[in-house]
Amino acid sequence: MSGVPHQQTPHQQTPRRVIIVGGGPAGLYTAETLAAQPHTVVDLYDAMPSPGRKFLLAGRGGLNLTHSEPLDRFVTRYAPQQAWLEPMVRACPPQALRDWAAALGIETFVGTSGRVFPTDFKAAPLMRAWLRRLRGLGVHLHVRHRWTGFGAATSEGQRQVCFQTPDGPVTVAADAVVLALGGGSWARLGSDGQWMPLLEQAGVAVSPLRAANCGFLRPWSADFVTRFAGTPLKTIAVRTLDDNGTRTPWRKGEAVISADGLEGSVIYAVSRLLRQQIEHAGSADLRMDLLPDRPEAEVMALVARPRGSRSWSTHLKKVLGLDGVKLALLRECTPPGLWSSPAAVAAAVKDLPVVLSALRPLDEAISTAGGIRREALTEDLELTALPGVFCAGEMLDWEAPTGGYLLTGCYATALRAAEGVRRFLTDRTPRA
Ligand SMILES: Cc1cc2nc3c(=O)[nH]c(=O)nc-3n(C[C@H](O)[C@H](O)[C@H](O)COP(=O)(O)OP(=O)(O)OC[C@H]3O[C@@H](n4cnc5c(N)ncnc54)[C@H](O)[C@@H]3O)c2cc1C
């Protein structure tokens, strides 16, 4: 082939086939964006009997689509990969997602926490409307097709995409491919991370999949578990150590005592930092303020009041209203010697050390960290090791807390991958 730039006019008239593998929100949004392009035939494949199973599960929690906070703050949620995600999120901001849902007939609203939900808190009507739109755009959906890798390129330079189906292996040729295979949690919904070795073998740099937005293990006494497993810890604040080893600001919220540790939204919010500490030091230093609405000086003064013959439990209940699970947790996480000092007890109420020993299993996590590393991809999210193959969604190596940032990140990377495919199909010389 000569070095003369290839004239694209004939190809622009010829329909180009794009194969998208993975029918989660990232794959569906890529399909929708590309199917709206002229001369583009889009086929979407998924291993499961139906697409979007994790998206539908997210609907059980109300489907937190995105967040209403100012965009400058919103983009910081993608740390430590903010620099990578920020341009993509700015090109696909929260309002664009709300407009997109509205165009599907699903109105959204901002909850008290600033999170954005569909007004009916359901994912299923949105998914039904979305699939209707995709059908209308001519997207062909193929379920029960498990991607197993790539074959040799065709003589026209197309990539051969291989699937395992109930009827045996199937190979389909494509001008471009988008992989949107999700992370590695909730394998029964399809996101099993089995794509990792396939891409690694093809020379793609990946980081191991790790739990994000997950619960943590903390061995409780048998009595504490019997009495409090499943009990919510309402109105607490937590803090931990940041990437530099400095204490983070207190974050108010709720957690839940589990049979072997802690979970819940405020724990998920600091889960990246807790995970890093466990990875580096074998344990994580979580601090809990059991009464975040009471100033420390007030707690100190009240606890220091004469106790007389009252037990500590009666005293703390009387002066602070502290009882039940919070009082039991205070006892559980402090050494017996501490109870000889009112000042130490008060300090523990406001800054209780709860040492966490491990993460709950990856498969239970709301999302996963790790995946395809940034350096394996071009700005257009094309794999440098596999030209013409683009990637989107949670399978990329970024993470974010809950709050709608995960889905927004999936849509944003899907949009970038779709734009990359469009540029690839129009700008590039077809592979020989
Ligand atoms: C309980 C729960 C609640 C959540 N709630 C929210 C929320 O409210 N807000 C929010 O922002 N995020 C939430 N999330 C996270 C969010 O659902 C995910 O981040 C998002 O679904 C990831 O989208 P994705 O398209 O990248 O991957 P996925 O949704 O995981 O989809 C990947 C798809 O690829 C398919 N696939 C995988 N491997 C293959 C293969 N080899 N061949 C063919 N197909 C394959 C799978 O079957 C699946 O359909 C929640 C997650 C969970 C578990």
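Residues numbered from 1 in each chain as written. Predicted model: local features only at pLDDT ≥ 70, side-chain atom pairs only at ≥ 80, totals over all residues. Heavy atoms only, no water.

(A) Broad picture of the packing of helix α2 (residues 25-35) against helix α7 (residues 124-136). Two numbers describe how α2 lies on α7: the axes approach to 10 Å, and their chain directions differ by 35 degrees. Viewed along their axes, α2 and α7 form a crossing whose handedness is left-handed. Contacts between α2 and α7 involve Pro25, Leu28, Tyr29, Ala31 and Glu32 from the former and Met127, Trp130, Leu131, Arg133 and Leu134 from the latter. Among the residues making up the contact of α2 with α7, the classes are represented as eight nonpolar, no polar and two charged. (Axes fitted to C-alpha atoms, helices over the stretch in contact; angles between N-to-C directions. Helix = DSSP H or I, 4+ residues; strand = E, 2+ residues; numbered from the N terminus. Left-handed = near helix turned anticlockwise from the far one by under 90°. Contact = heavy atoms within 4.5 Å. Nonpolar A, V, L, I, M, F, W, Y, C, P; charged D, E, K, R; others polar.)

(B) Local environment of the state of the cysteines. In the structure shown here, the tally under the stated rule is zero disulfides. Of the cysteine sulfurs around cysteine 410, a residue in no disulfide, the closest is that of cysteine 92, at 10 Å. Residue cysteine 410 is classed as buried on the basis of its relative accessible area, which comes to 8%. (Disulfide = S-S within 2.5 Å. Buried < 20%, exposed > 50% of the residue type's maximum accessible area, 1.4 Å probe, protein only.)

(C) Expanded view of the packing of aromatic side chains. Evaluation of the coordinates by the stated rule reveals 18 aromatic pairs. In this structure an aromatic cluster arises from ring pairing among Tyr29, Phe55, Trp100, Trp130 and Tyr411. Sitting over the ring of phenylalanine 150, arginine 159 keeps its end group 5.4 Å from the ring centre. (Phe/Tyr/Trp six-rings, centres within 6.5 Å; stacked < 30°, edge-to-face > 60°. Lys NZ or Arg CZ within 6 Å of the ring centre and 35° of its normal.)

(D) Main features of the UniProt feature "domain: RsdA/BaiN/AoA(So)-like insert" (unreviewed entry) in the protein chain. When the UniProt feature table is mapped to this numbering, "domain: RsdA/BaiN/AoA(So)-like insert" (unreviewed entry) covers residues 210-367. The distance from the first to the last C-alpha atom of residues 210-367 is 9 Å, and the span holds 37% helix and 24% strand. (UniProt positions renumbered as here; feature names shortened; annotations may be inferred.)

(E) Structural detail: the sheet that holds strand β5 (residues 115-118). As summarised here, the arrangement of the three strands in space is β3-β5-β4, forming an open sheet in which the pairing is antiparallel. Every interior strand has two partners, whereas the edge strands, β3 (66-67) and β4 (108-110), have only one. (Pairing = 2+ DSSP bridges.)

(F) Highlighting the pairing of strand β17 (residues 352-356). Only one face of β17 is covered, namely the face carrying Leu352, Val354 and Leu356; the face carrying Pro353 and Val355 is uncovered. Bridge analysis of strand β16 (residues 284-289) against β17 gives five bridges, and the strand direction is antiparallel. When the sheet's bridge partners are listed, leucine 286 is paired in β17 with valine 354.

(G) Region of interest: the confidence of the model for the protein chain. The predicted model of the protein chain averages 94 in pLDDT, with 96% of residues at 70 or higher. Per-residue pLDDT stays below 50 along residues 1-8; that stretch engages in 11 contacts with residues further than four places along the chain or on separate chains. (pLDDT = per-residue confidence, 0-100.)

(H) Representation of the site of the ligand. Surveying the vicinity of the ligand reveals 31 residues, the closest of which are Asp46, Asn64, Ser191, Glu394 and Leu407. Between the ligand and the protein, one listed contact pairs an oxygen atom with a backbone N or O atom of proline 25 at 3.3 Å. Aspartate 46 places a polar side-chain atom, nitrogen or oxygen, 2.5 Å from an oxygen atom of the ligand. Looking at the shell around the ligand residue by residue, the class counts come to 17 nonpolar, 10 polar and four charged. (Near = heavy atom within 4 Å. Polar contact = N/O pair within 3.5 Å; in protein donor to acceptor, adjacent residues only side chain to side chain.)

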